[in-house]
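One letter stands for each residue in the lines below.
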Number of protein chains: 2
Amino acid sequence: MSGNEKTASPAWLQNLKFDDKGLVTAVTLADSDGAVLMVAHMTAEALRLTLETGRMTYWSRSRKSLWVKGETSGNTQRMVSAHLDCDGDSLVFRVVEQGDKKACHEGTRSCFTRKFEKGKWERI
Amino acid sequence: MSGNEKTASPAWLQNLKFDDKGLVTAVTLADSDGAVLMVAHMTAEALRLTLETGRMTYWSRSRKSLWVKGETSGNTQRMVSAHLDCDGDSLVFRVVEQGDKKACHEGTRSCFTRKFEKGKWERI
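To start, this report covers the structure provided alongside it.

1. Quick word on the sheet that holds strand 8 (residues 120-123) of chain A
Okay, step 1: The six strands lie next to each other as 8(A)-7(A)-5(B)-6(B)-1(B)-2(B), forming an open sheet whose pairing is mixed. Either end of the sheet is taken by a strand with one partner, and the two such strands are strand 8 of chain A together with strand 2 (36-42) of chain B. If you compare each strand with its neighbour and ignore which way they point, the axes differ by 35° on average.
Okay, step 2: Where strand 1 (residues 24-30) of chain B lies against strand 6 (residues 90-97) of chain B, six bridges are found, and the strand directions are parallel. From the neighbouring strand, Ala 26 of chain B faces strand 6 of chain B, where its bridge partner is Leu 91 of chain B.

Here it is, written out as structure tokens:
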């Protein structure tokens, strides 16, 4: 590496591989007990904001906009740690749940409320 | 529901929403301690095989083929449970790690071996 460092890609962006829509996958776990709260997506800007502010910020594919988790509901998520996978296209975040601690828009703590039982998905 | 049940979509396929490439996201955790081993993708056929055989089967986007995890390396994964999220496009699997218990092609247990530390991704 040499040359103008100001124009080089920032260190946090290195090793990241965004898909053809400019997204990486984010898996968010509760730091308290490791529960998987949600799976969402991030643009480079959402990732930058998350890493810089410590407030989990995703990309809403339906609204096509940045989505500071909990900005409306109060159920924000404070980042504790971030890990990147070998491919550079998936991240695992451990977070502290804030507010009512409901990550899901359906009002539950986790989005993963359907379990495969006897051949079908049963709400738990 | 009425009519010819033989042509209705099977129960395990209901609530699933595949993306424009026919994929859903699979997050695989070790059942023993909840460690996130890997994030991969599944087609409907990969999901069907996983649910029916209990052997984790993904879709390799690079090879464009079904990928019975560990078929070559011996590091297979036996499904313990499967959960589906509210959107129907992401799944969490808890598995028993078999063989050398190395989920990653880089020879580590988990694919998530880079942690964000002091502004960059450090191998742990």
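Don't stop here, the text continues.
2. Describing the environment of Ser 32 of chain A
Residues and elements named next belong to chain A.
Okay, step 1: Here Ser 32 shows up in the loop between strand 1 (24-30) and strand 2 (36-42).
Okay, step 2: Taking the relative accessible area as the measure of exposure, Ser 32 reaches 64% and is therefore exposed.
Okay, step 3: Apart from the residues lying within four places of it in its own chain, the contact partners of Ser 32 are Glu 97 and Arg 109.

3. Some thoughts on the nonpolar core
Okay, step 1: Met 42 and Phe 93 of chain A together with Met 42 and Phe 93 of chain B are the most contacted members of the largest nonpolar core, which totals 64 residues.
Okay, step 2: Those residues in contact with Met 42 of chain B that sit more than four places away from it in its chain are Phe 18, Gly 22, Leu 23, Val 24, Ala 26, Leu 47, Thr 50, Met 56, Thr 57, Tyr 58, Trp 59 and Phe 93 of chain B.

4. As for the relation of the copies chain A and chain B
Okay, step 1: It takes a turn of 180° to lay chain A on chain B, together with a shift of 0.0 Å along the axis; the resulting RMSD is 0.0 Å. Taken together, these values place the two copies in the relation of a two-fold axis. For chain A, the smallest separation between a C-alpha atom and the rotation axis is recorded for Gly 34 of chain A, amounting to 3.4 Å.
Okay, step 2: Same-surface contact between copies: 100% of interface residues of chain A are shared with the interface of chain B.

Basis of the calculations
- Residues numbered from 1 in each chain as written.
- Chains lettered and ligands numbered in written order.
- Predicted model: local features only at pLDDT ≥ 70, side-chain atom pairs only at ≥ 80, totals over all residues.
- Heavy atoms only, no water.
- Pairing = 2+ DSSP bridges.
- Helix = DSSP H or I, 4+ residues; strand = E, 2+ residues; numbered from the N terminus.
- Axes fitted to C-alpha atoms, helices over the stretch in contact; angles between N-to-C directions.
- Buried < 20%, exposed > 50% of the residue type's maximum accessible area, 1.4 Å probe, protein only.
- Contact = heavy atoms within 4.5 Å.
- Core = buried A, V, L, I, M, F, W, Y, C linked by side-chain atoms within 4.5 Å.
- Least-squares fit on C-alpha atoms with pLDDT ≥ 70 in both.

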